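# A look at the structure
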Amino acid sequence: MKYRIFILSFLFVLLGCSNPSADQLHNGDIIFQTSQSNQSAAIQLATHSQYSHMGILFFQNGKPYVFEAIRTVQYTPLDQWIDRGQHGKYVVKRLLNSDKLITPPSIEKLKAVAESFKGKPYDLTFEWSDNSIYCSELVWKIYDRGIGVQVGQLKKLRDFDLSNPAVKNKMKERYGDQIPMDETVISPGDMFLSEQLKTVVKN
């Protein structure tokens, strides 16, 4: 039995299915995945990106957690977060000049902003308010309000590709006939493509 477990563990590592070690990660890192939620496909089609969910990493008692917006804004153990994604795949990114920007005082600022969102409900209609929050909005606002860094280009809802029937159906479900085309939106895909970030871990 022990031999079998060893072989399976070896295969997971060989195939790139292992989770990152704590020493590969820093407070403030941004992690992306393909969600398996019922809106993931529509987000991917509208944004032309495979990444439909994201969060920001913070350590608590030496262990990495993903601060994310799902049903509510909350901390999720990193292993659990990775397991929820499609095929356990993820990418971790970091600010290019993180050695200068992500200092102990700035980490505390990021955490303080994060705490102001904790417990808020998930935003199903992607509104640019603080009443409810979606995943990329959460991370964008934490960086913006915490250390004045805007990761990714803000867009209007009309800027996305809303032509696919799956996207149209999801929009109809969420908005009815009153689609707020001028609503400010930030997508996981646009944050993923930000030139301010570099990839530090990819699985």
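Described in the following lines is the structure provided in the data block. (Residues numbered from 1 in each chain as written. Predicted model: local features only at pLDDT ≥ 70, side-chain atom pairs only at ≥ 80, totals over all residues. Heavy atoms only, no water.)

### Section: the overall build of the protein
Secondary structure assignment for the protein yields eight helices and eight strands. A globule of 203 residues ought to have a C-alpha radius of gyration of about 17 Å, and the protein, at 17 Å, matches this closely. For the protein, the C-alpha atoms occupy an extent of roughly 60 × 40 × 30 Å along the three principal directions. Here the protein holds 203 residues, and the buried ones make up 48% of them. (Helix = DSSP H or I, 4+ residues; strand = E, 2+ residues; numbered from the N terminus. Rg over C-alpha atoms; globule rule 2.2 N^0.38 Å. Buried < 20%, exposed > 50% of the residue type's maximum accessible area, 1.4 Å probe, protein only.)

### Some remarks on the pairing of strand S5 (residues 91-95)
With five of five residues buried, S5 is to be regarded as a mostly interior element. Where strand S1 (residues 30-33) lies against S5, three bridges are found, and the strand directions are antiparallel. Residue Ile31 lies in a different strand from S5, and its bridge partner there is Val92. Pairing between S5 and strand S8 (residues 197-202): five bridges, direction antiparallel. Residue pairing in the sheet places Val91 in a bridge with Lys202 of S8. (Pairing = 2+ DSSP bridges.)

### Brief notes about the nonpolar core
The biggest cluster of nonpolar side chains holds 44 residues, and the ones touching the most others in it are Phe67, Ile142 and Tyr143. Ranked by residues supplied to this core, first place goes to helix H6 (residues 135-147) with six residues. With 11 residues, the next largest nonpolar core counts Ile31, Leu57, Leu78 and Trp81 among its residues. (Core = buried A, V, L, I, M, F, W, Y, C linked by side-chain atoms within 4.5 Å.)

### Overview of the pattern of salt bridges
Counted by the stated rule, this structure contains 10 salt bridges. Its salt-bridge partner being Lys155, residue Asp190 comes within 3.3 Å of it at the nearest N-O pair. Of the two residues, Asp190 sits in helix H8 (residues 188-192) while Lys155 sits in strand S6 (residues 155-156), which places them 35 residues apart along the sequence. Here Asp177 and Lys172 are joined by a salt bridge, their closest N and O atoms 2.5 Å apart. Under the relative-accessibility criterion, Asp177 is labelled exposed at 63%. Taking the relative accessible area as the measure of exposure, Lys172 reaches 47% and is therefore partly exposed. Three or more residues joined by partner-sharing salt bridges are found here, namely Asp130, Glu137, Lys141 and Arg145. (Salt bridge = Lys/Arg side-chain N within 4 Å of Asp/Glu carboxyl O.)

### Here we look at the packing of aromatic side chains
Aromatic ring pairs are reported here in terms of the distance separating the ring centres and the angle at which the planes meet. Tallied over the entire structure, the rule returns six aromatic pairs. Pairing Phe67 with Tyr75 gives two aromatic rings, centres 4.6 Å apart and planes at 50°, and the pair type is tilted. Comparing Phe67 with Tyr75 shows no difference in burial state: the two are buried. Ring geometry for Phe126 against Tyr134: centres 5.0 Å apart, planes inclined by 80°, an arrangement best described as edge-to-face. Tyr134 gets classed as buried once you look at its relative accessible area, which sits at 2%. A network of ring pairs unites the aromatic residues Phe32, Tyr51 and Phe192 as a single cluster. (Phe/Tyr/Trp six-rings, centres within 6.5 Å; stacked < 30°, edge-to-face > 60°.)

### What to know about the sheet that holds strand S4 (residues 73-77)
Read across the open sheet, the six strands follow the order S4-S3-S2-S1-S5-S8; overall the sheet is antiparallel. Looking along the sheet, the strands with just one partner apiece sit at the ends: S4 and S8. The sheet shows a mean angle of 35° between the axes of neighbouring strands, taken without regard to direction. On top of the sheet, H6 reaches S1, strand S2 (53-60), strand S3 (63-69), S4 and S5; it is set at about 50° to S2, its chief contact. (Axes fitted to C-alpha atoms, helices over the stretch in contact; angles between N-to-C directions. Contact = heavy atoms within 4.5 Å.)

### Remarks on the packing of helix H2 (residues 40-47) against helix H7 (residues 165-175)
Axis separation between H2 and H7 bottoms out at 9 Å; the angle between their running directions is 120°. Between H2 and H7 lies a crossing whose hand is left-handed. Between H2, through Ala42, Leu45 and Ala46, and H7, the contact on the second element is made entirely by Ala166, Val167 and Lys170. (Left-handed = near helix turned anticlockwise from the far one by under 90°.)

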